[in-house]
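The chain contents come next:
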Amino acid sequence: MPETTVIYTHGHHESVLRSHNWRTAQNSASYLLPHIKPNMHILDIGCGPGTITLDFATLVGPEGHITGIEPSPGNVLAQARETAKSRGITNVEFKIGDIFELEEVFKDQTQKFDIVHVHQVLQHIDRERVSEALMQMRAVTKPGGIVAVRETDFAAMTWFPDSSGMTEWVDTYQVVARANGGEPNAGRRLVSWALKAGFARDKITTSAGTWCFSVPEEREWWSKLWADRTLLSDFKMTALKSGLADEEKLNRIADTWTEWGKSEDGWFAVLNGEIICRVE
């Protein structure tokens, strides 16, 4: 296999995990829930702290099993294991695994997965190899099973009040993400990538899901999260190192987020593309 190119633009700073820990199967994978049945075996790629993964584990029941993988060791997998322990969930395992090497990772597994799921991951991998990743996902899915993907689309995000500072933020983020090799507007490209991976069009079901932040508690949480990400996460390091932003610009963006959070009429919507691909 070629060397993997996966640079997570955000990293795993606390400001990033703050949003990951908020995610649940209900608010981040509702399009997939009708397809999850008791006794299923599910692979969750890029599981992070495991909140969605563990929700899946409760849905498949004790006879089912969930495997969550991350591409490298770190505190995030330890956190996922600890959360599983605290919730008393035992039908789950967390391990190191690369999306480009799934066949190798699971070569000794006697049973393929009923569902292979990825959430907010394809946007961060080498954009020239996304279809290769989808092919790997299909390879470890049993016939009749599902490859499920949900990815955001930064250019489709929208907000109120109108703000040149927010526009500066989303433009800067996209440039930085692409400098890392990723594609921040992944949501709109899912069908195209799936077709290039060899899925027939009539085997691909599409949908879109949203997150919306508007009430005071939501605005405070979302605005602080992004202000902190701008100044404290790996995003800042990449932006500065690559010369795509300087300290003044990043501080200005963080201040913009803080001001938006104080807007009584503030509203922010995130559009996520979703696909379910049936494996033949």
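Here's a quick rundown of the structure. (Residues numbered from 1 in each chain as written. Predicted model: local features only at pLDDT ≥ 70, side-chain atom pairs only at ≥ 80, totals over all residues. Heavy atoms only, no water.)

**Section: the pattern of salt bridges**
Next, step 1: Evaluated as defined, the whole model comprises 14 salt bridges.
Next, step 2: Its salt-bridge partner being Glu274, residue Arg150 comes within 2.8 Å of it at the nearest N-O pair. Within this pair, whereas Arg150 is found in strand S5 (residues 141–152), its partner Glu274 is found in strand S8 (residues 267–278), the two being separated by 124 residues in sequence.
Next, step 3: You can call Glu274 buried: its relative accessible area is 4%.
Next, step 4: Asp228 serves as the salt-bridge partner of Lys224, at 3.2 Å between the closest nitrogen and oxygen. Here Lys224 and its partner Asp228 are both found in helix H9 (residues 216–232), 4 residues apart, which amounts to about one turn of the helix.
Next, step 5: Given a relative accessible area of 47%, Lys224 falls into the partly exposed group.
Next, step 6: Here the salt bridges share partners, and the residues they tie into one network are Arg18, Lys224 and Asp228. (Salt bridge = Lys/Arg side-chain N within 4 Å of Asp/Glu carboxyl O. Helix = DSSP H or I, 4+ residues; strand = E, 2+ residues; numbered from the N terminus. Buried < 20%, exposed > 50% of the residue type's maximum accessible area, 1.4 Å probe, protein only.)

**Quick look at the nonpolar core**
Next, step 1: Judged by nonpolar contacts, the single largest core of 30 residues is most densely connected at Leu43, Ile45, Ile99, Leu122, Leu134, Met137 and Val149.
Next, step 2: When contributions to this core are tallied by element, the ones reaching two or more residues are strand S1 (41–45), strand S4 (113–119), helix H6 (130–139), S5, helix H8 (190–196) and S8.
Next, step 3: In terms of residues, this core owes the most to one element, H6, which gives 4 residues.
Next, step 4: With residues up to four places along the chain from it excluded, the contact list for Leu43 reads Thr67, Ile69, Leu102, Phe106, Phe113, Ile115, Val116, His117 and Val140.
Next, step 5: Within the second largest apolar cluster, 25 residues are counted, among which are Tyr173, Trp211, Phe213 and Phe235. (Core = buried A, V, L, I, M, F, W, Y, C linked by side-chain atoms within 4.5 Å. Contact = heavy atoms within 4.5 Å.)

**Topic: the packing of aromatic side chains**
Next, step 1: Under the criterion given, the structure shown has 23 aromatic pairs.
Next, step 2: The interplanar angle of 50° and the centroid separation of 5.8 Å between the aromatic rings of Trp22 and Phe213 together place this pair among those described as tilted. Placement of Trp22 in helix H1 (residues 14–22) and of Phe213 in strand S7 (residues 204–213) is noted, with a sequence separation of 191 residues between them.
Next, step 3: Arranged with centres 5.4 Å apart and planes meeting at 40°, the rings of Trp257 and Phe268 form a pair that is tilted. Placement of the pair is Trp257 in helix H11 (residues 247–261) and Phe268 in strand S8, with a sequence separation of 11 residues. (Phe/Tyr/Trp six-rings, centres within 6.5 Å; stacked < 30°, edge-to-face > 60°.)

**Considering the pairing of S4**
Next, step 1: Counting buried residues along S4, 7 of its 7 residues qualify, which places the element largely inside the surrounding structure.
Next, step 2: In this structure, S1 lies alongside S4, joined through 4 bridges in parallel fashion. Across the sheet, the residue bridging to Ile42 is Ile115, located in S4.
Next, step 3: Looking at chain direction, S4 and S5 are connected through 6 bridges and run parallel. For His117, the partnering residue across the bridge sits in S5 and is Ala148.
Next, step 4: For the segment spanning S4, H6 and S5, crossover handedness is right-handed. (Pairing = 2+ DSSP bridges. Right-handed = clockwise from strand over helix to strand, strands pointing away.)

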